[in-house]
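The lines below spell out each chain.
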Amino acid sequence: MKRTLIGLCALIVPLTGLAIAGAGSGPAVVAQAPPPASSTPLPAGPPPPQNANVPAMAFESVPDVLKYSPDMNLGEVLGVAVNSKGRIAVLNHPGSATSGPIYGNASTQIFEFDANGKFLREVGKGVYGFGYGHGIRYDRYDNLWVVDKGTHAVTKFNPAGYTIMNLGRRPEGPDDPEELWYRGGRGGAPPQPVDGYFRAPTDIAWDTDDNIYISDGYVNSRIAKFDKNGNWLASWGSRGSGGVHGNENPGQLNTPHNIGVDRQNNVYVADRNNRRIQVFDRDGKFQRFIALNAPYDKKRHPVLGGIAPNPPDETQPWTICITNGPTQYLYTSDSEPGRIYKMTLDGTIVGMMGESGRGPNQFNWIHSLACPADDVLYVADMNNWRVQKLVMRPAGRNSARLR
């Protein structure tokens, strides 16, 4: 996981989109797509106005939400998901699960807990597609999907825990030489995307027809689309800059880190390093930008890293979670100053909560959110090595207890 830190925080406001998404960067792209956005950049518009009246949401963190034995202490928690029965899946990086060549050590465990937080089982132990898991989601049938950045693979488990589909393909060698350009070991252009293959994918989502959308991810910088049977359909997006305020070059992506789809089949992409959320229709046509842009203390020292000399107004959205109640809401978060934001799907802010840190009411790089209800969140609090369950409370009842 690329950990780019800039001192951040934000309110989400929509920005006007003036063009459709750029063409896909792979051999197969959305039909009749225009040239890549980088060849016809949008003029820079005025920065979105900041809003000094962002409401703080009262909440509490439920203590000891997960029950497990001391020999199962968590490492970096990169993902959390909740299925229709309340079962909780946790993507854990223990750092010592198995030896392996990927990042020096294969490091992925999937733990499942019941709705009361009691440990049930480990899923996928020894599965070939596991090396450095990045994201997990349950689909509406309670199948569990694991997106693995290290093996460039996506694995589907049925509710019984058996693998029933895999997408992409794990490289045969101990370390894929085509990744060296990205890590600084090779100059020149990156390897070209290929239909059906991933390069460090990050997350997964589905539309109402069960088509599959994968944010593909750190290297390919595109969105890949499959049908429900795993047949390749299309891709869109390519690596590029979002401009000074993140409101240029629709379809250009720089670390598409999380993805979600609403009931109208709009696709929301947390374009992290471009400091914006991009919204597309399910054919890849650009709809609008959403920016995290609320005032924050730019001199506040980040929990990790130093103070940026010229921190931007817009902050990096790391996560996407869309609720499934009568009215859908979008939750997202940034790394600094480490807030969680609740908004309507048009980008209107409802409230925000928390800040970065290691204590109560704080988070240390939120890497994933699960939102089983409008007022309940599960947080993969990555660098604090824990999962938090947050319950929103009426104003005046702000008790933030951590286990």
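Details of the structure are given in the entry above.
Residues numbered from 1 in each chain as written. Predicted model: local features only at pLDDT ≥ 70, side-chain atom pairs only at ≥ 80, totals over all residues. Heavy atoms only, no water.

### Some words on the packing of aromatic side chains
- Evaluation of the coordinates by the stated rule reveals twelve aromatic pairs.
- When the ring of tyrosine 213 is compared with that of tryptophan 236, the centres are 6.3 Å apart and the planes differ by 65 degrees; the resulting orientation is edge-to-face. One end of the pair, tyrosine 213, is in strand E12 (residues 212–216); the other, tryptophan 236, is in strand E14 (residues 232–236), and 23 residues separate them in sequence. Tryptophan 236 carries the same exposure label as tyrosine 213, and that label is buried.
- Seen in terms of ring centroids, phenylalanine 286 and phenylalanine 289 are 4.6 Å apart; in terms of plane orientation they differ by 55 degrees. Their pairing is tilted. (Phe/Tyr/Trp six-rings, centres within 6.5 Å; stacked < 30°, edge-to-face > 60°. Helix = DSSP H or I, 4+ residues; strand = E, 2+ residues; numbered from the N terminus. Buried < 20%, exposed > 50% of the residue type's maximum accessible area, 1.4 Å probe, protein only.)

### Details of empty space enclosed by the protein
- Using the criterion set out here, one finds two cavities of 30 Å³ or more in the structure.
- Taken together, Leu78, His134, Gly135, Ile136, Arg137, Thr202, Asp203, Asn258, His367 and Ser368 make up the full set of residues lining the largest cavity.
- The set of elements that each furnish at least two residues to the lining of the largest cavity consists of strand E7 (133–138), strand E11 (201–206) and strand E27 (366–373).
- A total of four residues in the lining of the largest cavity trace back to one element, the largest contributor, which is E7.
- Residue composition of the lining of the largest cavity, grouped by class: two nonpolar, six polar and two charged. (1 Å grid on protein atoms, 1.4 Å probe; cavity = no way out; pocket = protein on both sides within 12 Å on 5 of 7 lines; lining within 4 Å. Points joined across faces, edges and corners; volume = space filled by probe spheres on them. Nonpolar A, V, L, I, M, F, W, Y, C, P; charged D, E, K, R; others polar.)

### Quick notes on the pairing of strand E24 (residues 349–353)
- When you tally the buried positions in E24, you get four out of five residues, the bulk of the element.
- Pairing geometry for strand E23 (residues 340–344) and E24, over four bridges, is antiparallel. In the sheet register, tyrosine 341 faces E24, and the bridge partner there is methionine 352.
- In this antiparallel pair of consecutive strands, E23 and E24, the connection spans four residues, and glycine 347 shows a positive phi of 95 degrees. (Pairing = 2+ DSSP bridges.)

### Let's talk about the state of the cysteines
- In the structure shown here, the tally under the stated rule is one disulfide.
- Two residues, cysteine 321 and cysteine 371, share a disulfide whose sulfurs are 2.1 Å apart. Given an S-S torsion of about -100 degrees, the disulfide between cysteine 321 and cysteine 371 has left-handed geometry. Of the two residues, cysteine 321 is situated in strand E21 (residues 321–322) and cysteine 371 in strand E27; the sequence distance between them amounts to 50 residues.
- Given a relative accessible area of 7%, cysteine 321 falls into the buried group. (Disulfide = S-S within 2.5 Å.)

### Description of the pairing of strand E28 (residues 376–381)
- Burial of E28 is extensive: six of the six residues sit out of reach of the surface.
- The alternating pattern of E28 places Val376, Tyr378 and Ala380 and Leu377, Val379 and Asp381 on opposite faces, both of which are buried.
- The hairpin turn running from E27 into E28, its antiparallel successor, is two residues long.
- Between E28 and strand E29 (residues 386–392), which follow one another and run antiparallel, lie four residues, and tryptophan 385 among them has a positive phi close to 55 degrees.

These results come straight from atomic positions and should not be treated as a statement about function.
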